[in-house]
Amino acid sequence: MSIDQQISDYYSKLLKRNAGEPEFHQALAEVLDSLKIVLNKDPHYADYGLVERLCEPERQLIFRVPWVDDGGQIQVNRGFRVQFNSALGPYKGGLRFHPSVNLGIIKFLGFEQIFKNSLTGLPIGGGKGGSDFDPKGKSDAEVMRFCQSFMTELHNHIGEYRDVPAGDIGVGGREIGFLFGQYRRLENKHESGVLTGKGLSWGGSLVRTEATGYGLVYLTSEMMKTHGESFDGAKVIVSGSGNVAIYAAEKVQQLGGTVVAMSDSSGYITTPNGVDLELLKEIKEVRRERISTYAGEAGAGVEYHEGGNVWEVSADVALPCATQNELDGEDAKLLVKNQVRYVAEGANMPCTPEAAHYFVENGIAFAPGKAANAGGVATSALEMQQNASRDSWSFEYTDQRLHEIMSNIFRNIDKTSKEYGLEGDYVAGANIAGFKKVADAMLAQGVI
């Protein structure tokens, strides 16, 4: 039986075994499709059930999270932690608090995290977790009680040499603080390396807040250099207006680009003269208000488009930074029609398979999230290094390390795509490069 048929048969088996998990299926399909060429060229990677083991989490945890709201009512949410692969190091990946969270989404994120973490070159495995709890509209006291209940179960399964969670959607500095406080209380020790994204006064790292957005722009800049271009003078769409989007916009404008549009779930704004970052941070990070508020306060030239499509704006570069599958095939056609030349994923899998294929087929330089948004986890790993050595690095030094890591990731995926006769296909380059490092470790360590 050919390798292609083996992969096809195995994927069909995975669909049945993981029914009702479309995001996980999508992530599996993308990686397995890239691996066909690897297994044909290097068939030893099919030995010892390696692919089958890679696609099955080492451990999946689901638990009840009861908590009391401000009205004295008992609320019950569901918590998750998927510890996917630890061949390269302790599990590393964020916690997401959002109503959309379910096991399939956490598995998709955890699977992607394996390859993303591998690409950083740092000794960290892949995992992910979260809850269907929604922190929006909750008081600080309610968020604290939820986080304490969540950690009461999770603390049994994490540790600086076992599993190191971080933040993700819905989990920022406030939530990490409450989670760490409860961990410290339960374990009776200040194990600072058990969580990343901590406050600067108790083990956190400079640049962690900016890392995913900055890293996205650093990698995109390297991709643009291969075509003799840069952000200087470029028009850029940044979807979303959360942490990743804000700091991607900041770095774009530092490098001479102009952010011409941003969005949130209610609509988008056009900003032909760029974004007032201080005002945007005030509205989104401090006041926690909608992007329409920014349009109302930013002055002349800024327009708000309720419920519109941010991808209809003309630009040179598109950075989808909101959520999975936000950019579909029709959006991709619109961007190509409007002469976009570069697309890089700031969120996890924000482009549908149809969109990603359309970009590649039409010669658009496209960087997938497992490479382009690896800056967050890379800086989390740098925070782990600082915690382990009881050290604290300067902003400039940490930013330099982040820049080096993202530049190396691009060079690695570019080189790998060329080695396998797929020059310019950075999706395949990222999947193959990330896979081979993990696969080599798994083969060396035996069947476990």
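Residues numbered from 1 in each chain as written. Predicted model: local features only at pLDDT ≥ 70, side-chain atom pairs only at ≥ 80, totals over all residues. Heavy atoms only, no water.

- Under the annotation held in an unreviewed UniProt entry, the protein carries the name Glutamate dehydrogenase and is attributed to Corynebacterium aurimucosum.
- On record in UniProt, under Function (unreviewed entry), the comment for the protein is "Catalyzes the reversible oxidative deamination of glutamate to alpha-ketoglutarate and ammonia."
- You can read under Catalytic activity (unreviewed entry) in the UniProt record for the protein the words "L-glutamate + NADP(+) + H2O = 2-oxoglutarate + NH4(+) + NADPH + H(+)". (UniProt positions renumbered as here; feature names shortened; annotations may be inferred.)

### Describing the overall build of the protein
Next, step 1: Within the protein one finds 16 helices and twelve strands.
Next, step 2: Scaling as 2.2 N^0.38, a compact globule of 448 residues should have a C-alpha radius of gyration of about 22 Å, and the protein matches this with 21 Å.
Next, step 3: Dimensions of the protein, computed from C-alpha atoms along their principal axes, come out at roughly 65 × 55 × 45 Å.
Next, step 4: Counting across all 448 residues of the protein, residues that qualify as buried make up 57%.
Next, step 5: Total accessible area on the protein stands at roughly 17700 Å², and carbon and sulfur atoms take up 47% of it.
Next, step 6: Separation of charge centres in the protein, based on 44 positive and 58 negative side chains, amounts to 5 Å. (Helix = DSSP H or I, 4+ residues; strand = E, 2+ residues; numbered from the N terminus. Rg over C-alpha atoms; globule rule 2.2 N^0.38 Å. Buried < 20%, exposed > 50% of the residue type's maximum accessible area, 1.4 Å probe, protein only. Areas by Shrake-Rupley, 256 points an atom, 1.4 Å probe, with all protein chains shown as cover. Lys, Arg positive; Asp, Glu negative; His and termini not counted. Charge placed at Lys NZ, Arg CZ, Asp CG, Glu CD.)

### Considering the pattern of salt bridges
Next, step 1: If you walk through the whole model with that rule in mind, you get 23 salt bridges.
Next, step 2: Salt-bridge contacts for Glu-297 lead to Arg-287; the nearest nitrogen and oxygen are separated by 2.6 Å. Of this pair, Glu-297 sits in helix α10 (residues 291-297) while Arg-287 sits in the loop between α9 (277-286) and α10, and the two are ten residues apart along the sequence. (Salt bridge = Lys/Arg side-chain N within 4 Å of Asp/Glu carboxyl O.)

### Some details on the UniProt feature "active site" (unreviewed entry) in the protein
Next, step 1: The UniProt feature table records "active site" (unreviewed entry) at Lys-128.
Next, step 2: Looking at where Lys-128 falls in the secondary structure, it is placed in strand β4 (residues 125-131).
Next, step 3: Lys-128 gets classed as buried once you look at its relative accessible area, which sits at 3%.
Next, step 4: Residues contacting Lys-128, with those up to four places away along its chain left out, are Arg-81, Val-82, Gly-93, Gly-94, Ile-106, Leu-109, Gly-110, Gln-113, Asp-168 and Asn-348. (Contact = heavy atoms within 4.5 Å.)

### A closer look at the sheet that holds strand β11 (residues 342-344)
Next, step 1: Sheet architecture is open: seven strands sit in the order β9-β8-β7-β6-β10-β11-β12, paired in mixed fashion. The outermost strands of the open sheet, each flanked by one partner alone, are β9 (303-306) and β12 (365-367). Averaged over all pairs of adjacent strands, the angle between their axes in this sheet comes to 15°, without regard to strand direction.
Next, step 2: Here β11 pairs with β12 via three bridges, running parallel. From the neighbouring strand, Tyr-342 faces β12, where its bridge partner is Ala-365. (Pairing = 2+ DSSP bridges. Axes fitted to C-alpha atoms, helices over the stretch in contact; angles between N-to-C directions.)

### So, a nonpolar patch on the surface
Next, step 1: Taken together, the side chains of Val-68, Ile-74 and Val-76 define a hydrophobic patch exposed on the protein surface, amounting to about 260 Å² of accessible area.
Next, step 2: With respect to the secondary-structure elements, Ile-74 resides in strand β2 (residues 74-85).
Next, step 3: You can call Ile-74 exposed: its relative accessible area is 58%. (Patch = residues over 30% accessible without salt bridge, like charges linked within 9 Å, V, L, I, M, F, W, Y side chains within 5 Å.)

### Thoughts on the domain arrangement of the protein
Next, step 1: As assigned here, the protein comprises domain 1 (1-53), domain 2 (57-185) and domain 3 (209-370).
Next, step 2: With centres defined by C-alpha atoms, the gap from domain 1 to domain 3 works out at 32 Å.
Next, step 3: Interface of domain 1 and domain 3: buried area, both sides summed, is about 430 Å²; carbon and sulfur atoms make up 52% of it.
Next, step 4: Ranking the residues of domain 1 by area buried against domain 3 places Glu-23, Gln-26 and Glu-30 at the top, with a combined share of 85%.
Next, step 5: Notably, a salt bridge pairs Lys-370 with Glu-30, separated by 2.7 Å at the nearest N-O pair.
Next, step 6: Counting the contacts that link domain 1 with domain 3 gives two residue pairs in polar contact (both at pLDDT 80 or more).
Next, step 7: For the side of domain 1 that touches domain 3, the per-class residue count stands at two nonpolar, one polar and two charged. (Domains from an automatic or database assignment. Buried area = accessible area lost by both parts, 1.4 Å probe. Polar contact = N/O pair within 3.5 Å; in protein donor to acceptor, adjacent residues only side chain to side chain. Nonpolar A, V, L, I, M, F, W, Y, C, P; charged D, E, K, R; others polar.)

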